[in-house]
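Residue strings, one per chain:
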Amino acid sequence: MSAFTSLILTQLTVPPGDLIYYIVLVFAVASALQSAFNHWRVSEFPQARRAFIGLGILLLAQVVMFLFSGLGWQHIIDPKTVLPPMDRAFILFGIIWITWLYAFPEPSRAADAAAALLSLLVITALGLSLLTWQPQISLLSYNQTNDDFVWQIGSLLALLIGIAILFVRKPDGMWSGITLLTLGFLGHVGHLLFQVAGNYSGIVRLAYMAAYPILLTLPQRFSLPSATVLIAQRSATAKLDATNPERRRYSTDPKTFHAMLALAAESNPTKVSQAITRAIAQTMLSDLCFMIYLTDSNNQMVIAGGYDLIREDNLEGGSLKKSSIPMLANSLQRGRPLRMPASSTSADIKGLGDILGLTNPGHLLSVPILTPEKDSLGGILLLSPYSDRTWTAEDQAFLSNIAISLVPIIKRSQKADKLAAQSDQAKAQVVDLERRLQEQNQQLDAVRAENQKAGSVEMASLIAAQDESQRIIEQLQFENGELRAGKNLQPSSTQIESELKKTLQEMARLQNQLAEANMKAHKIAKGNVSTKSTEQAEVIASISQELRQPLSSIVGYTDLLLGESVGILGALQRKFVERIKSSTERIHSLTDDMIQITTLETELNDLKSESVDLNSIIDNAMSYTSTQVREKNISMHLELPKKLAPIQADREALQQILIHLLQNAGAATPFEGTIRLKVQTRTENKMEFILIQVSDTGDGISSEDLPRVFTRLYRADNVLIQGVGDTGVGLSIAKTLTEAQHGRIWVESERSVGSTFSVLLPIATTEPEEKQANGKGKK
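For clarity, every value in this text was computed on a predicted model and none was experimentally measured. (Residues numbered from 1 in each chain as written. Predicted model: local features only at pLDDT ≥ 70, side-chain atom pairs only at ≥ 80, totals over all residues. Heavy atoms only, no water.)

Undergrad: Help me get a handle on the overall build of the protein chain, residues and values and all.
TA: A tally of helices and strands in the protein chain yields 21 helices and 14 strands. In the protein chain, which comprises 779 residues, the share counted as buried stands at 40%. Long-range contacts, defined here as pairs at least 24 residues apart, represent 70% of the contacts in the protein chain between residues at least 6 apart. Accessible area of the protein chain: about 41800 Å², with a carbon and sulfur share of 58%. (Helix = DSSP H or I, 4+ residues; strand = E, 2+ residues; numbered from the N terminus. Buried < 20%, exposed > 50% of the residue type's maximum accessible area, 1.4 Å probe, protein only. Contact = heavy atoms within 4.5 Å. Areas by Shrake-Rupley, 256 points an atom, 1.4 Å probe, with all protein chains shown as cover.)

Shown next as structure tokens:
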């Protein structure tokens, strides 16, 4: 090494020459930072922002080293104690962030985390190096220590890894980054080959003085063809003349107005997305526009539709893998806008190009569609592969305002889609129920045929046995008569008496067999009927229960439509939806009646007499029918005695009787009418009864219809009765349950005044008296 070169290298390691080194590095980083800031201010690209952040970190590190070097030059601090380890650590720190700047221009969480972690490791190593250097200060120069050798090897490894990463990722400006890192690599190799005494390496500093000015090329990696135009527009918009007109950025074409009208008129959920993308493409003059929706899947997003402005053609939707467009997926999920130049090295540009079949999808602009609660529904994606239009901050703000106005349209479309899916599901359930009902009917017919066949065979054999027994008895009676008349041979009286006794015994035995056969035949006949009715009841109850779920879904969605939470209904639409709801509620009511009718026989067999508090029965019944009363604004008047003694009755049966009477009164009473519930005690034939009366203010029942009030009215030849709110099933059940508890029910009515339904029930049960009577009969 020549004397001149040694002199230069030495000057870079001692004050004030080392200050020149730090000034050159600070000036280079500051100039690159200023250029990155200008680029970011004009374009607002995330790549420019990352460059600004990374250069800011580098500048901060060099300023810190410059300040410590100045303090050491003024002997405010001991330069030998702190500065040598700091110099090596900050060089390695700079290598890490230069690699980050050049290799990862697009946002990358993994790269950010790795750079931050390695920076923390460098700071930790600096602390350890400061501790190990203190005992050696008076013995060696820092260039001769093992610590310096470790720092040099670490820097060389970091440089080699950085160069390899740049070769693999191939970002824009990669050769500038490789050149910078290569110069640093040569400096560290020269330090190891030509090691000289001292605390600093002049060769390394010279290498980085040559390398750091290359950072000025960093912000220029991304093309910005319209940057000059944009600055001119912001500073002198009024000075634009006719010879150089500004490019029209938003459409005033009549097609845009037509596209907006088509979007407003579109009611088909599958075509709403295409109408939205067409309208936006026409407005923003975007070559391609896509509507993207988020899904519950962690790996998929959905392109609902798109529009090609150049070809004026709708584009079909499809699925997107988040792994192929990581930045776009992340920005939409987090509700952040994204602008990306066509020259970006992000995987998103390549991924979109592969999906759309484009070599270069052009500049990208994406804005999220956010609800008022800041939940992201998806986003709008604009691309310019044909016009090469660069998207600006104004474009982003304009599109964001459009996205806000799309929220109610998209929600309406999604709810309509959901309603359609629910409707299809309900239809499928109905079809499945019909199929199951048909299968159960076929099974029931087969079981019925088998029971009839088995019953007929058994009955035939029993009847034959009965006839045979009767024939034998008649023959014996005839022979006995002959014996008594003396028409036979004249045996001895003892023999005659013996034969007569045997005959009488045989006759008694046969009579017993005949009685047992009759009882068995009666049980078989009753069992067939009971089995048949029980199976029918179970089948009907099962089908009715299955019908309740789709009916409840239909009622829920009609309420949703009537509430206009999914869109405003017209007068005719509201009328049709109200009819659907009314008919569905009618079917629901008929289903409940069907269940009650089919299970009534079983309930009658399970009636249990117990002490019942009428007050609780009345409270429960009024609570059950309160919705019906509130909807028609009906007034309820109660006339109850101060004290109601408990009565002996079946609690559930009594509850059903009162509910059916109140439901009938509520249905028969007009809007803002009155219902009266009166309870009193009555004595008849030395027995105490409770009298329950429910009166309504309906139209009343004609005298011709009064005998049919408590009959079941589902038959075609038995039309519904004017003035009765019930279908007939409820009142029929009330009559059956009342008579099963030894009570009476009747109705009194007057036309244009109303009707009064009365139920008379014994306060004390009659079961003990019946048992006592049965016991006396047995005695």
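Undergrad: Got a sec to walk through the packing of aromatic side chains? Specific residues and values, please.
TA: Evaluation of the coordinates by the stated rule reveals nine aromatic pairs. Ring centres of Phe37 and Phe52 lie 5.6 Å apart, and the angle between their planes is 45 degrees; on these two criteria the pair is classed as tilted. Placement of the pair is Phe37 in helix H2 (residues 17-43) and Phe52 in helix H3 (residues 46-73), with a sequence separation of 15 residues. Given a relative accessible area of 25%, Phe52 falls into the partly exposed group. Each member of the aromatic cluster is reached from another via a ring pair, and the members are Phe90, Phe93, Trp97 and Trp100. Lying over the aromatic face of Tyr200, Arg205 brings its terminal NZ or CZ to 4.5 Å of the ring centre. (Phe/Tyr/Trp six-rings, centres within 6.5 Å; stacked < 30°, edge-to-face > 60°. Lys NZ or Arg CZ within 6 Å of the ring centre and 35° of its normal.)

Undergrad: Lay out the side chain of Ser695 in plain terms, naming residues and giving numbers.
TA: The topology assignment puts Ser695 in strand S12 (residues 687-695). Separated by 2.9 Å, the side chains of Ser695 and Thr756 make a polar contact. For Ser695, the residues in contact, after removing those within four places along its chain, are Thr674, Ile675, Arg676, Ser755 and Thr756. (Polar contact = N/O pair within 3.5 Å; in protein donor to acceptor, adjacent residues only side chain to side chain.)

Undergrad: Summarise the sheet that holds strand S11 (residues 674-684); cite the residues concerned and give the values.
TA: On the basis of which strands lie adjacent, the open sheet formed by five strands has the order S9-S11-S12-S14-S13 and mixed pairing. In this open sheet, the two edge strands, each paired with only one partner strand, are strand S9 (635-639) and strand S13 (744-750). Looking at each pair of strands side by side, their axes are set apart by 20 degrees on average, direction ignored. Relative to S12, S11 is paired through nine bridges, and the arrangement is antiparallel. In the sheet register, Leu677 faces S12, and the bridge partner there is Val694. Relative to the sheet, helix H17 (residues 614-624) contacts S9, S11 and S12, its axis offset from that of S11 by approximately 160 degrees. (Pairing = 2+ DSSP bridges. Axes fitted to C-alpha atoms, helices over the stretch in contact; angles between N-to-C directions.)

Undergrad: How would you summarise empty space enclosed by the protein if you had to cite specific residues and measurements?
TA: Overall, the coordinates contain five cavities of 30 Å³ or more when judged by the stated rule. Quantified by volume, the largest cavity comes out at close to 80 Å³. If you trace the largest cavity, you find it lined by Tyr21, Tyr22, Leu25, Gln62, Met65, Asp87, Phe90, Ile91, Tyr208 and Tyr212. Those elements that provide at least two residues to the lining of the largest cavity are H2, H3 and helix H4 (79-103). In terms of residue class, the lining of the largest cavity is built from eight nonpolar, one polar and one charged. Quantified by volume, the second largest cavity comes out at close to 60 Å³. Forming the boundary of the second largest cavity are Asp87, Arg88, Ile91, Trp151, Gln152, Ser155, His188, Ser201 and Val204. Looking at the lining of the second largest cavity, the elements with two or more residues in it are H4 and helix H6 (146-169). (1 Å grid on protein atoms, 1.4 Å probe; cavity = no way out; pocket = protein on both sides within 12 Å on 5 of 7 lines; lining within 4 Å. Points joined across faces, edges and corners; volume = space filled by probe spheres on them. Nonpolar A, V, L, I, M, F, W, Y, C, P; charged D, E, K, R; others polar.)

Undergrad: A description of the pairing of strand S2 (residues 300-308) should follow, citing residues and the corresponding values.
TA: Relative to S2, strand S1 (residues 288-294) is paired through seven bridges, and the arrangement is antiparallel. Across the sheet, Cys289 pairs through a bridge with Tyr307, a residue of S2. From the end of S1 to the start of S2, which pair antiparallel, there are five residues. Note: S2 against strand S4 (residues 318-321), four bridges, orientation antiparallel. Paired with Ile303 across the two strands is Gly318, which belongs to S4. In this structure, S2 lies alongside strand S3 (residues 313-315), joined through three bridges in antiparallel fashion.

Undergrad: Describe the nonpolar core, and please don't skip the residues or the numbers.
TA: Ranked by internal contacts, the top residues of the largest apolar core, which has 53 residues, are Leu55, Leu58, Tyr212 and Leu215. Those elements that provide at least two residues to this core are H2, H3, H4, helix H5 (109-133), H6, helix H7 (174-193) and helix H8 (202-211). Counting residues per element, this core draws most heavily on H4, at 14 residues. In this structure, Ile690, Ile701, Ile733 and Ile745 belong to the second largest nonpolar core, which totals 40 residues. (Core = buried A, V, L, I, M, F, W, Y, C linked by side-chain atoms within 4.5 Å.)

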